[in-house]
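As a plain string of letters, each chain reads:
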Amino acid sequence: MNEYHLLVVDDELNRCKMLDYKLKKAGYKVSFTTSPVKSIDIFKSENIDLVITDIRMGEMGGIQLIKELKNIDPLINVILITAYGKDINLLHSALRCGAFEFLEKIEDIDILLNIIEKAIHDRKMKQNYTFYKEKYIESKENILIGEDEKINNIKEIIKSVAPTDSTVLITGESGTGKEIVARMLHDQSARRNENFVIVNCAAINENLLESELFGHKKGSFTGAYTNKDGLFKVAHKGTIFLDEIAEMPASMQVKLLRVIQEKEITPIGSVETIPVDVRIITATNKIIEQEIEENRFRSDLFYRINVIRIDMPSLRERRNDIKILFDYYINEYARKYGKMIDSIDNNVYKRLTSYDWPGNVRELINIIERILVIKKDGHISAKDILINDSIKLSRTWSKEIDAESICSLEKMEQQMIRKALSSVNGDKKKAA
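Just so you know, these numbers come straight off a predicted model, no measurement behind them.

So, how was this worked out
- Residues numbered from 1 in each chain as written.
- Predicted model: local features only at pLDDT ≥ 70, side-chain atom pairs only at ≥ 80, totals over all residues.
- Heavy atoms only, no water.
- Core = buried A, V, L, I, M, F, W, Y, C linked by side-chain atoms within 4.5 Å.
- Buried < 20%, exposed > 50% of the residue type's maximum accessible area, 1.4 Å probe, protein only.
- Helix = DSSP H or I, 4+ residues; strand = E, 2+ residues; numbered from the N terminus.
- Contact = heavy atoms within 4.5 Å.
- Phe/Tyr/Trp six-rings, centres within 6.5 Å; stacked < 30°, edge-to-face > 60°.
- pLDDT = per-residue confidence, 0-100.
- Pairing = 2+ DSSP bridges.
- Axes fitted to C-alpha atoms, helices over the stretch in contact; angles between N-to-C directions.
- Salt bridge = Lys/Arg side-chain N within 4 Å of Asp/Glu carboxyl O.

Moving on, we come to the nonpolar core. Ranked by internal contacts, the top residues of the largest apolar core, which has 31 residues, are L213, F232, I240 and L242. Elements that contribute at least two residues to this core include exactly strand 7 (196–200), helix 8 (206–214), helix 9 (231–234), strand 10 (239–243), helix 10 (250–262), helix 11 (288–293) and helix 12 (299–305). The element best represented in this core is helix 10, accounting for five residues. Aside from chain neighbours lying at most four places away, what touches I240 is V197, V199, L231, F232, A235, V278, R279, I280 and I281. The next biggest cluster of nonpolar side chains, apart from the first, holds 26 residues, and it includes I145, F326, Y328 and Y333.

The following block contains the structure:
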């Protein structure tokens, strides 16, 4: 018998017994009930991997049952079976509620088994977390574009470091390409055929972060109705990329330090440790030495993750690459949207290179995509470059404001507003 547990729900006992027999014969563990209400209790008390249910039952319909089950476990897959044919309204309702498949009563068990296999695989992929990303196919987007000396040096570092298992810390402003570097390190390593898992430490609630990273056992806390693999287990033999590492709470920093040292994790609610073979790459857009100095980041963890360091330059530090990047992504997005670009004014490049790019390469790409989406002809002029030059002033405001005079958020707001108005000669619309 395999490890997967199926729950069959049908108000006709004979159909339950028939599916129970055939699915057990195929190697699955099966529970069944003729009561949709009772099925919810079974679902809460057992580790159910897939639900197969009739759509029309007296006590509760299959569509309502899906809603109840999805409230308990949003990742559960449900196969709906009906004896009434594929009613188009029922089909639409089922799909809107998240049914994995909608089937007529079938005699050929092989068809059902094939769908079950797909549904379980789909759940397993989703269960590994919203932020989990499958092994990806190497593409042109996973390379650093540019010929600046700083970028060429980083490419050389990647080439040297990628084949090793050394921990890497990538620093730099938002939008400079830290994730691309992490992907390149994975792509060029011996782990390239294993999982590359991305975790944004700033995007996960502090109370959930431990569960997401290390997993949990069923019943270990309220709402833990099933066992869950942590992302470190998902990344076993592969690479985990911990983005915005400086946002990680102090309590989790201690636990991460232990994982790096011991190469093992302990799921919440378990006393057993699980060995993990994972290459760790981290990134932050903060000045991490300052975070350490102000006691927001542990120095011992810093020394562990800072074995190899890659500092990503901002786009304004490599202005000669702006034209190269612009031309490259114009071609990429023109191909994506089926557009033809015949000519680009020289004034376009002057406008691009005179801007400070607070959002770096990501901001440039967003502007390029916007151009290609709305462009009606094949000519790009300076007026197509919709950037706000006043944004760069925000970088100097913090230096101009007298910090000693600020004793509340309200006063700081007032000073910022006055600076904004002053910078645009009192034009409220521009200041906003």
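This is not the end of the story, as more comes after the structure.
Our next topic: the packing of aromatic side chains. A full pass over the atoms with the stated rule returns seven aromatic pairs. Between Y333 and Y337, the ring centres sit 6.2 Å apart and the planes meet at 20°, which makes this aromatic pair stacked. Here Y337 and Y333 lie together in helix 13 (residues 320–337), a separation of four residues that amounts to about one turn. On the basis of relative accessible area, Y333 is assigned to the buried category, the value being 13%. Here Y355 and W357 contribute two aromatic rings whose centre-to-centre distance is 4.7 Å and whose plane-to-plane angle is 75°, an arrangement assigned as edge-to-face.

So, about the confidence of the model for the chain. Residues with a pLDDT of 70 or more make up 86% of the chain, whose mean pLDDT is 85. Per-element averaging of pLDDT across the chain places helix 16 (residues 394–400) at the bottom with 41 and strand 6 (residues 168–171) at the top with 98. Predicted confidence for residues 129–140 stays below pLDDT 50, and this span has 28 contacts to residues more than four positions away or in other chains. Below pLDDT 50 for its whole length, residues 391–407 participates in 21 contacts with residues either more than four positions away or in separate chains.

This paragraph deals with the sheet that holds strand 7. The strand order across the open sheet formed by five strands is 7-10-13-6-14, and the pairing between neighbours is parallel. Here the strands that pair on one side only, and so sit at the sheet edges, are strand 7 and strand 14 (308–311). Ignoring strand direction, the axes of neighbouring strands in this sheet form an average angle of 15°. As judged from the five bridges shared by strand 7 and strand 10, these two strands associate in the parallel manner. Note that in strand 10 the partner of V197 across the bridge is I240. Set on the sheet, helix 6 (residues 149–161) makes contact with strand 6, strand 13 (279–284) and strand 14; between it and strand 14 the angle comes to about 155°.

Here the focus is unusual backbone geometry. For K237, which is not a glycine, the phi torsion comes out positive at approximately 75°. The topology assignment puts K237 in the loop between helix 9 and strand 10. The backbone of E244 shows a phi angle near 55°, a positive value even though the residue is not glycine. With respect to the element layout, E244 can be found in the loop between strand 10 and helix 10.

What follows concerns the pairing of strand 6. It is a general feature of regular strands that their side chains alternate between the two faces of the sheet. By the alternation rule, side chains of strand 6 split into V168 and I170 and L169 and T171, which are all buried. Of the strand pairs in this sheet, strand 6 and strand 13 are connected by four bridges, and their pairing is parallel. Across the sheet, residue V168 finds its bridge partner in strand 13, namely I281. One ladder, built from four bridges, connects strand 6 with strand 14; its direction is parallel. Within the sheet, the bridge partner assigned to I170 lies in strand 14 and is I310.

For strand 13, the buried fraction is high: six of the six residues fall into the buried class. Side-chain alternation along strand 13 places R279, I281 and A283 on one buried face and I280, T282 and T284 on a second face that is also buried.

This part is about the pattern of salt bridges. Per the counting criterion, the structure on display carries 26 salt bridges. A salt bridge links R318 to D321; the shortest N-O distance between them is 2.9 Å. Judged by its relative accessible area of 3%, R318 is buried. A relative accessible area of 1% means that D321 is categorised as buried. Each of D10, E12, R15 and D54 takes part in salt bridges that share partners, so that together they form one network.

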